[in-house]
Amino acid sequence: MRTASSACCTCGASLSASLNTATVRLANFVGIQSIISVARRAGITSDLQPNISLALGTAEVSLLENTGAYATFARMGEANTPYGIVEIKTRKGDILYNREKDEPFYQGAQRFNSGAISQLRGMLANVVSWGTGVGARLPAGSWGPAMGKTGTTQNYKDAWFMGFTDDLVCGVWMGNDNNKPMKKITGGTLPAPLWRDAMTPSLQALYNGQLSFQPLGRKAAAAPAPQLNGDAPIDNRVDAIIEHLFEDEPAQPVTPDQLPPQPSAGDSEAPPQQFNQ
C-alpha cells in the first residue's frame, strides 16, 4: 500500500504510524458497507453513514461504545458489551430482569474469527511498541503486552486512546467542553500516557485481589489463525485478516515490507482540513 508520498508500507506499519492515506485506501478496497458491518458486529450502534470519510472517523461514537468494541477484541472476538445492571428484583425477591437470561445475544457471542482477531491484536500491540501509542507502554515485565490505538479528530477537537491487556480494557478521551480545538493535543501525546497511568495501578490492584469485578480473563484463540503463505510476517499478508474480518469481500495480497517514512503533517493523527474522495 502506498502513502501520498508514494512510499510503500504495510497495512500493519500504517496502522502503527496512523497513516490516514493508507486507511482510506484500505477502506476503499474492502468497501464502506463491509466496514459498517464489522463495526456493528463489534458492538457499535451509533449512526454510521456509508461515506468513504468514515475511515477517518467522521461518525460520532461515544467513549463507552468504543471501549465496548475494543473489549470484543480483548476477548478474541467474543461479544463483551458494557453494562451497568446485572439483575433487578422486587422486595419479595421476584426477578424482573436478569441480564444473562434476558439479553443472551450480548453474552459471549462469537462475533469474529478468533484467529483473525489474534493477528489484529498483534498489530495493535505494535502501535504501543513503536507506533503513535508508545506513551501507553506498561512497565517492563508486567501484565503482558498493551494493545491499542490512538486517534485525533479535525482541528484537535478530540484526542483519544483505546487500549487493553488480556484482562482489562480502558478508553481515554480528551477534549474541551465547548468543542473548541485543543493546543495540538493528539491521541499519543496525552491520552496514551494517561491510559498507562490509569491502567498500571488498576492492573496491580486486580492481581493483588483488590478489585471486586471480574477481569476479562485470558482467553486463548478458539479457532486457528488464518493460514499464511510461507514464513511471511502477518504485516505482509494482511489479506488473510481481511478475508476473515470482511467475510463477503475478496482479499488481495499486500506484500511490500518496507517500514513507512515518518508521517508528514496532515497524514497522521490530525486529519487534513479537507478530504478528497
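See above for the structure.
These numbers come from a predicted model, not from an experiment. (Residues numbered from 1 in each chain as written. Predicted model: local features only at pLDDT ≥ 70, side-chain atom pairs only at ≥ 80, totals over all residues. Heavy atoms only, no water.)

J.: Explain the packing of aromatic side chains residue by residue, including any values.
T.: Going through the model one piece at a time under the given rule, you end up with four aromatic pairs. With a centroid separation of 6.4 Å and 50° between ring planes, the pair formed by Phe 73 and Phe 112 is classed as tilted. You can see Phe 73 sitting in helix α4 (residues 63–74) and its partner Phe 112 sitting in the loop between β4 (107–110) and α6 (114–130), a full 39 residues away along the chain. Across this residue pair, the class does not change: Phe 73 and Phe 112 are buried. An aromatic cluster is defined as three or more aromatic residues linked by ring pairs; in this entry it consists of Tyr 70, Phe 73, Phe 112 and Phe 164. (Phe/Tyr/Trp six-rings, centres within 6.5 Å; stacked < 30°, edge-to-face > 60°. Helix = DSSP H or I, 4+ residues; strand = E, 2+ residues; numbered from the N terminus. Buried < 20%, exposed > 50% of the residue type's maximum accessible area, 1.4 Å probe, protein only.)

J.: Account for the environment of Gln 119, with residues named and values stated.
T.: With respect to the helices and strands, the residue Gln 119 is situated in helix α6. The buried category is assigned to Gln 119, whose relative accessible area is 18%. As a C-alpha pair, Gln 119 and Gly 12 span 107 residues in sequence and 10.0 Å in three-dimensional space.

J.: Please provide a residue-by-residue account of helix α7 (residues 191–207), values included.
T.: Its 17 residues place the ends of α7 24 Å apart at the C-alpha level, agreeing with the 24 Å of an ideal helix rising 1.5 Å per residue. Each element contacted by the buried residues of α7 is listed here: β6 (158–164) and β7 (169–175). (Expected span 1.5 Å × (residues − 1). Contact = heavy atoms within 4.5 Å.)

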